[in-house]
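# Structure assessment
Chain by chain, the residues:
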Amino acid sequence: MTVELQQGTSSLPIESAKREAAVTGLLDCLIAKNYEAANTHGGMETIRGLLEDSKELSVPVVDLAAVLPDLKSHKRSGLHIASYYELDDPNWYPELLEEFFSAGVGGSLMALKEFADCVGKYRVQRAPKKRGEARPPKTNLVPISDFFEPATTMIEFGVSERFKHYYDLLFKHFDDKAAVVWVCFGPRPGTPVKWEGSLFLVVRPLDGKEWQDETISRAVESVYSVLDASFHRAIVNSAYKKEAQHQLELTYFAFGHELKNRIDALRMGDLSNKIHKSAPKLIPDVDRCRDRLRTLRGMAGVFSIVAKSQDGVLPPTWVSASKIPGAPDVPTEKQCEELKAALVNAVTAFWYLEDAEERLALRQINGGRATEVKRPTAFQSTPLPPFTAANQEPHLCFLSGLAELCRNAAKVVLTASPKHDRPHIDFEVKVPRDVAFVATVTIINPIVGDQHEPSQSVGILAALFERLNGIVELEQAKVLPESYPHALSDDAYVSSLFLFYPKRIRVAASPHVPPEAL
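This text gives an overview of the structure that appears in the document. (Residues numbered from 1 in each chain as written. Predicted model: local features only at pLDDT ≥ 70, side-chain atom pairs only at ≥ 80, totals over all residues. Heavy atoms only, no water.)

### Brief notes about the pairing of strand S2 (residues 57–69)
Here is the rule we go by: Any residue under 20% of the maximum accessible area for its type is buried, any over 50% is exposed, and the rest in between are partly exposed; the area is computed with a 1.4 Å probe on protein chains only. Secondary structure elements follow DSSP: runs of H or I no shorter than four residues count as helices, runs of E no shorter than two count as strands, and numbering proceeds from the N terminus. Should DSSP find at least two bridges between two strands, the strands are taken to pair.
Most of S2 sits inside the fold, with 13 of its 13 residues counted as buried. Here S2 pairs with strand S7 (residues 196–205) via nine bridges, running antiparallel. For leucine 64, the partnering residue across the bridge sits in S7 and is leucine 199. Bridge analysis of S2 against strand S3 (residues 76–85) gives nine bridges, and the strand direction is antiparallel. Across the sheet, the residue bridging to aspartate 63 is alanine 82, located in S3.

Right under this line is the structure:
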């Protein structure tokens with residue numbers, strides 16, 4: 001049975017607006033591919049609540065799928081979420097979908113050439129009579145959501161026949177009181193934006209209730225009007241977000257690129273040479289200033305690469321694909337030692353840079369002991385494996401987060417009031433030799449009063465690194481919950497973290513080297 005739907009309006013506009021907002025929020029999560037949030041979002045409860053509002057129906061399966069366009073690029077993307085009764089196997093429905101898509105002509109019902117004729121209508125197919133025993137109806141709800149690539153060409157196949165493939169598979173799991181409903185969505189007349197959506201349902205009367213076509217009709221009509229409005233709102237929201245993201249990336253690029261250029265234009269090396277001839281006593285101050293600008297250049301580089309990279313993919317001039325460890329690889333002892341040594345050198349260099357008056361002691365925690373580190377006589381740039389040694393950009397970029405944590409720790413200790421009797425910073429570097437291959441630098445320092453407030457600069461850098469596939473993670477300073485065994489005072493201590501994930505590095509194929517050769 002096929003039924004025409006009306007573009008309905010709610011008699012309770014406030015309630016309708018709340019429902020539309022909830023479902024739009026669900027669609028926003030799916031568009032953003034935030035499936036963890038989508039699976040727990042109240043939008044699916046809203047859809048299920050509209051269907052079960054009559055207190056006459058149970059809805060063992062709710063499955064929402066759509067193909068939506070990007071209004072800027074016109075690229076189409078598919079989204080999908082389902083909520084179904086567990087029955088006696090929590091995986092029965094994903095397995096059913098896998099069988100459906102792998103059998104027959106393949107592709108979704110929305111890929112059928114005749115789908116456009118179904119928009120604004122719904123179909124109902126009741127289970128055949130005299131069916132065998134159905135699976136026990138465990139009503140625990142199981143959510144699934146995912147992304148799919150829409151078909152590039154329309155499929156020449158009958159809508160009714162393909163729908164039959166789907167409901168025949170479903171009826172194997174339910175008794176003869178069940179029915180499968182297919183609701184089709186699409187653009188309103190005259191709308192230039194092309195999109196498709198489908199809502200698939202398994203419904204059955206509650207125990208003790210009789211089957212009523214009117215009950216199905218009312219339930220579908222109520223959910224259709226909310227979903228129709230929510231789809232339009234989600235498409236527009238996505239367009240606004242994409243435009244805002246584009247503007248933000250332009251800002252990142254302008255800030256990062258311009259700041260790097262201005263730092264380079266200072267030509268501090270030439271200035272140092274001139275001062276060496278006229279006022280050699282100022283050379284240490286000039287060099288320290290140049291080194292501070294170098295770390296600032298690294299932070300500017302984070303903004304710049306975030307704007308230029310696509311989905312966190314780095315340029316091939318930054319790292320060779322052959323140097324990136326694979327997911328199943330366990331690092332060698334040499335790789336772990338080289339990475340640990342690089343991070344120790346980086347902390348030492350940043351400590352030297354921030355302690356011009358040489359008031360601050362630096363201790364390394366190793367093997368349960370705190371050992372004071374020898375102060376370097378000059379700032380040394382640190383290459384960070386596995387990035388290309390010949391290009392300083394990636395090293396400055398990804399170590400800028402560690403530099404900021406060291407700067408904040410030094411500032412907190414050196415500006416404490418009252419002053420610390422023995423101002424110091426401790427750090428520990430761990431690079432376990434395991435399949436995860438994660439390097440962790442822990443910075444530990446004493447505080448006075450409320451000096452452990454979150455750092456805005458660390459928060460900004462942490463958010464930017466998330467957009468670079470989380471190659472680096474930063475954790476703000478937190479008060480240690482227990483007494484610190486290496487404390488030099490009775491003050492409270494805080495720790496902050498720098499985590500480096502070499503396996504998360506992704507690199508674009510070099511234009512000069514075939515991808516299969518990388």
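### Focus: the packing of helix H4 (residues 92–102) against helix H5 (residues 159–171)
Note the cut-off: Lines fitted to the C-alpha atoms define the axes, with helices restricted to the stretch that makes contact. Angles between their N-to-C directions range from 0 to 180 degrees. Note that the term roughly parallel is reserved for angles under 35 degrees, roughly antiparallel for angles over 145, roughly perpendicular for angles of 65 to 115, and oblique for everything else. Note: crossing handedness is left-handed where the near helix turns anticlockwise from the far helix by less than a right angle, and right-handed where it turns clockwise. Contacts are residue-level and defined by heavy atoms, with any inter-residue pair within 4.5 Å sufficient. Three classes are used: nonpolar for Ala, Val, Leu, Ile, Met, Phe, Trp, Tyr, Cys and Pro, charged for Asp, Glu, Lys and Arg, and polar for all others, with Gly counted as polar.
Following both chains from N to C, one finds H4 and H5 inclined at 150°, their axes separated by 10 Å at the closest point. Relative to H5, the element H4 lies roughly antiparallel. H4 and H5 meet at a crossing whose hand is right-handed. In contact with Trp92, Tyr93, Leu96, Leu97, Glu99, Phe100 and Phe101 of H4, H5 contributes Arg162, His165, Tyr166, Leu169 and Leu170. Within the contact of H4 with H5, the residues separate by chemical class into nine nonpolar, one polar and two charged.

### Quick word on the packing of aromatic side chains
In this description, an aromatic ring pair is defined by two values, namely the gap between the centres and the angle between the planes. The test is simple: For Phe, Tyr and Trp, where Trp contributes only its six-membered ring, two rings pair if their centres lie within 6.5 Å, and the inter-plane angle classes them as stacked under 30 degrees, edge-to-face over 60, or tilted in between. Two conditions define a charge located above a ring, namely a distance within 6 Å from the ring centre to NZ of Lys or CZ of Arg, and an angle within 35 degrees of the ring normal.
Here the structure, examined in full by the defined rule, presents 18 aromatic pairs. Residues tyrosine 84 and tyrosine 93 carry aromatic rings whose centres are separated by 5.4 Å and whose planes lie at 45° to one another, so their mutual orientation is tilted. For the ring pair phenylalanine 115 and tryptophan 182, a centre distance of 6.2 Å and an interplane angle of 40° mean the geometry is tilted. Separated by 67 residues along the polypeptide, phenylalanine 115 in the loop between H4 and strand S4 (121–126) and tryptophan 182 in strand S6 (residues 179–185) bring together distant segments of the chain. Classification of phenylalanine 115 by relative accessible area gives buried; the value is 2%. Feature note: the residues Phe100, Phe101, Phe115, Phe163, Tyr166, Tyr167, Phe171, Trp182 and Phe200 constitute an aromatic cluster, connected by ring pairs. Above the plane of the ring of phenylalanine 147 lies lysine 33, whose end atom (NZ or CZ) is 4.0 Å from the centre. Stacked on the ring of tyrosine 501, the Lys or Arg arginine 504 has its end atom at 3.6 Å from the ring centre.

### Some points on empty space enclosed by the protein
Applicable threshold: A 1.4 Å probe that fits into a set of points on a 1 Å grid over the protein atoms alone but cannot get out defines a cavity; an open set with protein on both sides within 12 Å along at least five of seven lines defines a pocket, and lining residues are those with an atom within 4 Å of a point. Grid points are joined across faces, edges and corners, and a volume is the space filled by probe spheres set on the points.
Tallied over the entire structure, the rule returns three cavities of 30 Å³ or more. As a volume, the largest cavity reaches approximately 40 Å³. Taken together, Val347, Phe350, Trp351, Glu354, Leu360, Leu362, Cys406, Ala410 and Ile425 make up the full set of residues lining the largest cavity. When contributions to the lining of the largest cavity are tallied by element, the ones reaching two or more residues are helix H9 (333–354) and helix H10 (392–414). In terms of residue count, H9 provides more of the lining of the largest cavity than any other element does, four residues in total. Here the lining of the largest cavity is composed, by residue class, of eight nonpolar, no polar and one charged.

### As for unusual backbone geometry
Most peptide bonds adopt trans geometry, and most residues besides glycine take a negative phi value. The amide bond that connects proline 385 to the next residue, proline 386, takes the cis arrangement and shows omega of 5°. Along the chain, proline 386 turns up in the loop between strand S9 (369–372) and H10. Cis geometry is found at the peptide bond from serine 417 to proline 418, where omega equals 0°. Residues other than glycine seldom take positive phi values, yet asparagine 469 does so here, at roughly 65°. Relative to the elements of secondary structure, asparagine 469 occurs in the loop between helix H11 (456–466) and strand S12 (472–479). We classify asparagine 469 as partly exposed; its relative accessible area is 29%.

### Re the sheet that holds strand S5 (residues 141–148)
Backbone-to-backbone hydrogen bonds pair the strands of a sheet. The strands run either parallel or antiparallel. Across the sheet, which stays open at both edges, the seven strands sit in the order S1-S4-S6-S7-S2-S3-S5 with antiparallel pairing between neighbours. Strands at the two margins of the open sheet, each flanked by one partner only, are strand S1 (2–4) and S5. Across the sheet, the mean angle from the axis of one strand to that of its neighbour is 15°, orientation sign disregarded. Across three bridges, the pairing between S1 and S4 is antiparallel. Paired with glutamate 4 across the strands is lysine 121, a residue of S4. Across the sheet, helix H3 (residues 42–52) is in contact with S2, S3, S5 and S7; its angle to S2 comes to roughly 130°. Packed on one face of the sheet, H4 meets S2, S3 and S5 and runs near 135° to S3.

### A closer look at the sheet that holds strand S8 (residues 361–366)
Sheet architecture is open: six strands sit in the order S9-S8-S10-S11-S13-S12, paired in mixed fashion. Every interior strand has two partners, whereas the edge strands, S9 and S12, have only one. Neighbouring strand axes in the sheet, compared pairwise and without regard to direction, differ in orientation by 20° on average.

### Describing the pattern of salt bridges
Rule in force here: Salt-bridge detection follows one rule: a side-chain nitrogen of Lys or Arg within 4 Å of a carboxyl oxygen of Asp or Glu.
According to the stated counting rule, one finds eight salt bridges in the structure shown. Here aspartate 168 and lysine 164 are joined by a salt bridge, their closest N and O atoms 2.7 Å apart. Pair noted here: aspartate 168 and lysine 164 are both in helix H5, with a separation of four residues, about one helical turn. With a relative accessible area of 39%, lysine 164 lands in the partly exposed category. The salt bridge involving arginine 204 is made with aspartate 175; its shortest N-O contact spans 2.8 Å. Of the two residues, arginine 204 is situated in strand S7 and aspartate 175 in the loop between H5 and S6; the sequence distance between them amounts to 29 residues.

### Considerations on the nonpolar core
Across soluble globular proteins, you tend to see nonpolar side chains buried next to one another. Filter applied, for reference: The nonpolar core is taken to be a set of buried Ala, Val, Leu, Ile, Met, Phe, Trp, Tyr and Cys residues, with the residues joined through side-chain atoms within 4.5 Å.
If you look at the biggest cluster of nonpolar residues, it comprises 48 residues, and the most contacted ones within it are Leu343, Phe398, Leu402, Phe498 and Phe500. Ranked by the residues each element gives to this core, the list is headed by H10, at 11 residues. When neighbours within four sequence positions are excluded, phenylalanine 398 is seen to be in contact with Leu314, Trp318, Leu384, Phe387, Phe465, Leu468, Ile471, Val472 and Phe498. Among the nonpolar cores identified, the runner-up in size contains 38 residues, and Val59, Trp195, Leu201 and Ala219 belong to it.

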